[in-house]
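Residue-level listing of the chains:
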Amino acid sequence: VAATYMELSGVKTMSELMKKSSAELVNLYEKVKEIRFVSTVIDYLPTCDGKFLPLDPFKALKYGDAREIKLLTGTTADEWRYWLIYLDTFFEAFRAEPKNLSPALQKYKGTKTPQEIYQSWLKNRPDTEENFINFVNQLDWRVGQEISAEYQSKFADVYYYLFSEWSPIENLRSCHAIDLPFTFNNPDILHQNPPQNLVKQVQASWAAFAATGNPNNEFIPHWEKYSAQNRQTMELNSKKCVLHKDLNTDNLNSLRYVYES
């Protein structure tokens, strides 16, 4: 990182760098943050190395390596929006270098380019920023997680959810980790005042599942199992928790080949 600072500032030593004004250093910091952002995200992506993680998780689930283990799983509605906390231009960076940021595209073995995959998913919809954000959330989060649920449902009970409560920080919407203040009833930067009705519903569901293998409870008594034939998704939201059938099946069918190539 220090080498990047020096290269951008045109100096050869750290002592020269420290002679820059505070305004110059702030400007450098902003440039370095944007340059290294993609690398930083990649550093945190899971890697199937054959040792610590010996098997590809999708293949392991598909072939029953987790048989008889009941699963409660799901995603937030807008997972990738979390990274807007760190970089306002995150989705512009994603569009410019999709294979560097997308775990799904990194594993994809087919012949389509990222742009072709996106255009195929768009169909007759316009290529807008909102649609692109929806696409990458589907590609890397919701579709992959739903395929996992489908695979495991052949071997054990699976319950699936979509957490759609928005952060008060409007641009983040239902971003990655927005569910944590509700799971632990612990306000944080994403939501400093989580509605208590949803806190109770989430905590009761998680506790019921941990105790019995079934999330049904006094607050949400009608959560049905997920399967390929009956894609039941519980939408968790403070306005209302609603069970949907085939909530995301169109996106699943449009993009599953990226995972199964």
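Look up a bit, the structure's there.
Residues numbered from 1 in each chain as written. Predicted model: local features only at pLDDT ≥ 70, side-chain atom pairs only at ≥ 80, totals over all residues. Heavy atoms only, no water.

Peer 1: Give me the overall build of the protein chain: which residues, what numbers.
Peer 2: When helices and strands are counted, the protein chain shows twelve helices and four strands. Across its three principal axes, the protein chain shows a C-alpha extent of roughly 65 × 45 × 45 Å. For the protein chain, restricting intrachain contacts to residue pairs at least 6 apart in sequence, the fraction spanning at least 24 positions comes to 60%. (Helix = DSSP H or I, 4+ residues; strand = E, 2+ residues; numbered from the N terminus. Contact = heavy atoms within 4.5 Å.)

Peer 1: Give me the sheet that holds strand 4 (residues 242-245): which residues, what numbers.
Peer 2: Spatial ordering of the open sheet is given by 1-2-3-4, a layout of four strands whose pairing is mixed. Pairing within the sheet leaves two strands with one partner each, and these edge strands are strand 1 (71-76) and strand 4. Sheet twist, expressed as the average angle between the axes of neighbouring strands with direction ignored, equals 30°. The pairing of strand 1 with strand 2 (residues 158-163) spans six bridges and is classified as parallel. Bridge pairing in strand 2 places Thr73 opposite Tyr160. This element, helix 11 (residues 196-212), spans strand 1, strand 2 and strand 3 (232-236) of the sheet and lies at about 160° to strand 2. (Pairing = 2+ DSSP bridges. Axes fitted to C-alpha atoms, helices over the stretch in contact; angles between N-to-C directions.)

Peer 1: If you had to explain the packing of helix 9 (residues 129-153) against helix 12 (residues 249-260) to someone new, which residues and values would you point to?
Peer 2: Two packed helices can be described by the angle between their axes and the distance between those axes. Two elements in contact, helix 9 and helix 12, have axes whose closest approach is 9 Å; the angle formed by their N-to-C orientations is 80°. As far as their axial angle goes, helix 12 and helix 9 are roughly perpendicular. Note on element contacts: helix 12 touches helix 9 through Asn251, Leu252, Leu255, Arg256, Val258, Tyr259 and Glu260, opposite Phe135, Gln138, Leu139, Asp140, Trp141, Val143, Gly144, Glu146, Ile147, Glu150 and Tyr151. A class-by-class count of the residues in the contact of helix 9 with helix 12 yields ten nonpolar, three polar and five charged. (Parallel < 35°, antiparallel > 145°, perpendicular 65-115°, else oblique. Nonpolar A, V, L, I, M, F, W, Y, C, P; charged D, E, K, R; others polar.)

Peer 1: I'd like a description of helix 11, backed by residues and values.
Peer 2: Between its first and last C-alpha, helix 11 extends 24 Å over 17 residues, near the 24 Å set by a 1.5 Å rise per residue. The inward-facing, buried residues of helix 11 abut strand 1, strand 2, helix 10 (180-183) and strand 3. Trailing helix 11 by a residue or two, Gly213 shows a phi angle of about 85°, which is positive. (Expected span 1.5 Å × (residues − 1).)

Peer 1: Can you explain helix 12? Please cite residues and give values.
Peer 2: The periodicity of an α-helix, 3.6 residues per turn, causes residues three or four places apart in sequence to face the same way. When the terminal C-alpha atoms of helix 12 are compared, their 16 Å separation across twelve residues agrees well with the 16 Å that a helix rising 1.5 Å per residue should span. Among the residues of helix 12, those classed as buried are Thr249, Asn251, Leu252, Ser254, Leu255, Arg256 and Val258. Check the buried side of helix 12 and you find it contacts helix 7 (103-107), helix 8 (114-122) and helix 9. (Buried < 20%, exposed > 50% of the residue type's maximum accessible area, 1.4 Å probe, protein only.)

Peer 1: An account of the pairing of strand 3 is requested, with residue identities and associated values reported.
Peer 2: Burial analysis of strand 3 places four of its five residues in the buried class, the great majority of the element. Bridge count between strand 2 and strand 3: four bridges; the pairing is parallel. When the bridges of strand 3 are listed, Tyr161 appears paired with Met234. Here strand 3 pairs with strand 4 via four bridges, running antiparallel. Paired with Glu235 across the strands is Val242, a residue of strand 4.

Peer 1: I'd like to hear about the nonpolar core, residue by residue, with values.
Peer 2: In terms of nonpolar packing, the biggest core is built from 52 residues, with Phe90, Phe135, Phe163, Trp223, Leu236 and Leu255 touching the most fellow members. Looking at this core, the elements with two or more residues in it are helix 5 (90-96), helix 7, helix 8, helix 9, strand 2, helix 11, strand 3 and helix 12. Sequence-distant contacts of Leu236, that is, excluding residues within four places in its chain, are made with Tyr161, Leu162, Phe163, Ser164, Glu165, Leu198, Val202, Trp206, Ile220 and Cys241. (Core = buried A, V, L, I, M, F, W, Y, C linked by side-chain atoms within 4.5 Å.)

Peer 1: So, the pattern of salt bridges: which residues are in play, and what are the values?
Peer 2: What the rule picks out here adds up to nine salt bridges. The shortest N-O distance in the salt bridge between Arg231 and Glu150 comes to 2.9 Å. Taken together, the residues span a long stretch of sequence, with Arg231 in the loop between helix 11 and strand 3 and Glu150 in helix 9 at a distance of 81 residues. Taken individually, Arg231 and Glu150 each receive the classification buried, so the pair is uniform in this respect. The shortest N-O distance in the salt bridge between Arg256 and Glu150 comes to 3.0 Å. Of this pair, Arg256 sits in helix 12 while Glu150 is found in helix 9, placing the two residues 106 residues apart along the sequence. Note on accessibility: Arg256 and Glu150 belong to one class, buried. (Salt bridge = Lys/Arg side-chain N within 4 Å of Asp/Glu carboxyl O.)

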